Amino acid sequence: MRIAVVAASEKKSEALIRQARAVAREFTMMGNIADTFEAGDSRVCSYDFIAVCSEAASLGGKIGPKFAEQLSRCGNLVGKRSMALLNKSGLFPGKALTSMMRAMEREGMVVTMAEVVSGEGEAAAVAREAPLTRS
């Protein structure tokens with residue numbers, strides 16, 4: 001299966017990029033083809049599954065408008081199965097995760113899994129549990 005791992009955020013974050021690369025490595029070790037993208041890229045729409053990694057833009061649990069803009073540059077994502085991974089930061093990570101999922105669903109993505117993670121190791125562990133195939 002071809003999997004795109006997208007790191008999209010309000011600001012450029014090395015921790016977020018490392019987390020996205022850890023998720024891609026985990027998918028590759030599972031026998032899939034995984035590529036990492038640091039921003040909205042039109043090639044993302046050609047993948048079978050999309051994992052989106054992000055972080056809150058503020059302490060209040062908001063994602064920010066730049067996240068939705070980066071997703072919209074990924075092409076036609078309607079019906080694409082996906083998972084949302086939010087880097088734990090701020091006071092209300094659950095609220096930020098809900099905002100992130102809402103933005104993904106506005107683009108037409110089907111969010112099959114969503115988690116708040118606190119580091120690369122935890123993100124890789126969550127990737128192992130990802131529902132890549134329909135059951």
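Before any of the text, the structure's been laid out above.
Procedures and definitions
- Residue indices follow the written sequence of each chain, beginning from 1 at its first position.
- Under the rules for a predicted model, residues below a pLDDT of 70 receive no local features and side-chain atom pairs below 80 are neither given nor counted, while totals for whole chains, interfaces and linings still include all residues.
- Hydrogens are left out, water is left out, and the side-chain values use all remaining heavy atoms of the structure.
- Segments assigned H or I by DSSP are reported as helices when at least four residues long, segments assigned E as strands when at least two residues long, and all are numbered from the N terminus.
- Any residue under 20% of the maximum accessible area for its type is buried, any over 50% is exposed, and the rest in between are partly exposed; the area is computed with a 1.4 Å probe on protein chains only.
- Pairs of residues are marked as contacts when any of their non-hydrogen atoms sit within 4.5 Å.
- Here is the rule: rings of Phe, Tyr and Trp (six-membered ring for Trp) pair when centre to centre is within 6.5 Å. Planes less than 30 degrees apart are stacked, more than 60 are edge-to-face, and the remainder are tilted.
- Lysine NZ or arginine CZ positioned within 6 Å of the ring centre and within 35 degrees of the ring normal marks a charge as sitting over the ring.
- DSSP calls a pair of strands paired once it identifies at least 2 bridges connecting them.
- Whenever a helix is involved, its axis is fitted only over the stretch in contact; in every case the axis is a line through C-alpha atoms, and angles between N-to-C directions fall within 0 to 180 degrees.
- Throughout, a crossing is termed right-handed when the near helix is turned clockwise from the far one, and left-handed when it is turned anticlockwise from it by less than a right angle.
- Polar here means any residue outside two lists: the nonpolar Ala, Val, Leu, Ile, Met, Phe, Trp, Tyr, Cys and Pro, and the charged Asp, Glu, Lys and Arg; Gly therefore counts as polar.
- Working rule for helices: expected span equals 1.5 Å times residues minus one.
- The directions from the helix axis to the C-beta atoms are what the arc is built from.
- The patch calculation keeps residues exceeding 30% relative accessible area without a salt bridge and links them within 9 Å when they carry like charges or within 5 Å when they are nonpolar (Val, Leu, Ile, Met, Phe, Trp, Tyr).
- Areas reported here follow the Shrake-Rupley algorithm with a probe of radius 1.4 Å; residue values treat only the protein chains shown as occluding.
- A carboxyl oxygen of Asp or Glu within 4 Å of a side-chain nitrogen of Lys or Arg is what we treat as a salt bridge.
- By nonpolar core we mean a set of buried residues, namely Ala, Val, Leu, Ile, Met, Phe, Trp, Tyr and Cys, connected to one another through side-chain atoms within 4.5 Å.

(A) Structural view of the overall build of the chain. Tallying secondary structure elements over the chain gives four helices and five strands in all. Counting from the amino terminus, helix and strand elements in the chain follow one another as β-α-β-β-α-β-α-β-α. Principal-axis analysis of the C-alpha atoms gives the chain an extent of 40 × 30 × 30 Å. Counting across all 135 residues of the chain, residues that qualify as buried make up 47%. Partitioning the contacts of the chain with sequence separation of at least 6, the portion at a separation of at least 24 is 78%.

(B) Highlighting the packing of aromatic side chains. The tally for this structure, following the rule as stated, stands at one aromatic pair. Between F37 and Y47, the ring centres sit 5.7 Å apart and the planes meet at 75°, which makes this aromatic pair edge-to-face. You can see F37 sitting in strand β2 (residues 33–37) and its partner Y47 sitting in the loop between β2 and β3 (49–55), a full 10 residues away along the chain. The aromatic ring of Y47 is capped on one face by R2, whose charged end is 4.2 Å from the ring centroid.

(C) Just the pairing of β2, in detail. In this sheet, β2 lies alongside strand β1 (residues 2–7) in parallel orientation, the contact comprising five bridges. Residue pairing in the sheet places R2 in a bridge with I33 of β2.

(D) Looking closely at the packing of helix α1 (residues 14–29) against helix α4 (residues 120–128). Direction vectors running N to C along α1 and α4 enclose 35°, while the axes themselves pass 8 Å from each other. At the point where α1 passes α4, the crossing takes the right-handed sense. Between α1 and α4, the residues in contact are R18, Q19, A22, V23, R25, E26 and F27 and E120, A123, A124, A127 and R128, respectively. Here the contact of α1 with α4 is built from residues that sort into six nonpolar, one polar and five charged.

(E) View of helix α3 (residues 93–106). For α3, which comprises 14 residues, the first-to-last C-alpha distance of 20 Å matches the rise-based estimate of 20 Å (1.5 Å per residue) to within 8%. Taken together, the buried positions of α3 are occupied by P93, A96, L97, M100, A103 and M104. Looking down the long axis of α3, one finds its buried residues gathered within 125° of arc, a one-sided arrangement. Close packing links the buried residues of α3 with β3, α2 (65–72), β4 (81–87) and β5 (110–117).

(F) Broad picture of a nonpolar patch on the surface. Residues L59, L91 and F92 make up a contiguous nonpolar surface patch of about 350 Å² in total accessible area. Turning to its location among the elements, F92 is positioned in the loop between β4 and α3.

(G) Expanded view of α4. Among all positions of α4, only A123, A124, V126 and A127 are buried. Along the long axis of α4, the arc covered by the buried residues comes to 160°, so they all point the same way. Next to the buried residues of α4 lie α1, β4 and β5.

(H) Examining the nonpolar core more closely. V44, I50, V52, F67, M100, M104 and M109 are the most contacted members of the largest nonpolar core, which has 23 residues in total. Broken down by secondary-structure element, the contributors of at least two residues to this core are β1, β3, α2, β4 and α3. Top contributing element to this core by residue count: α3, with five residues. With 21 residues, the next largest nonpolar core counts A24, M83, V126 and A130 among its residues.

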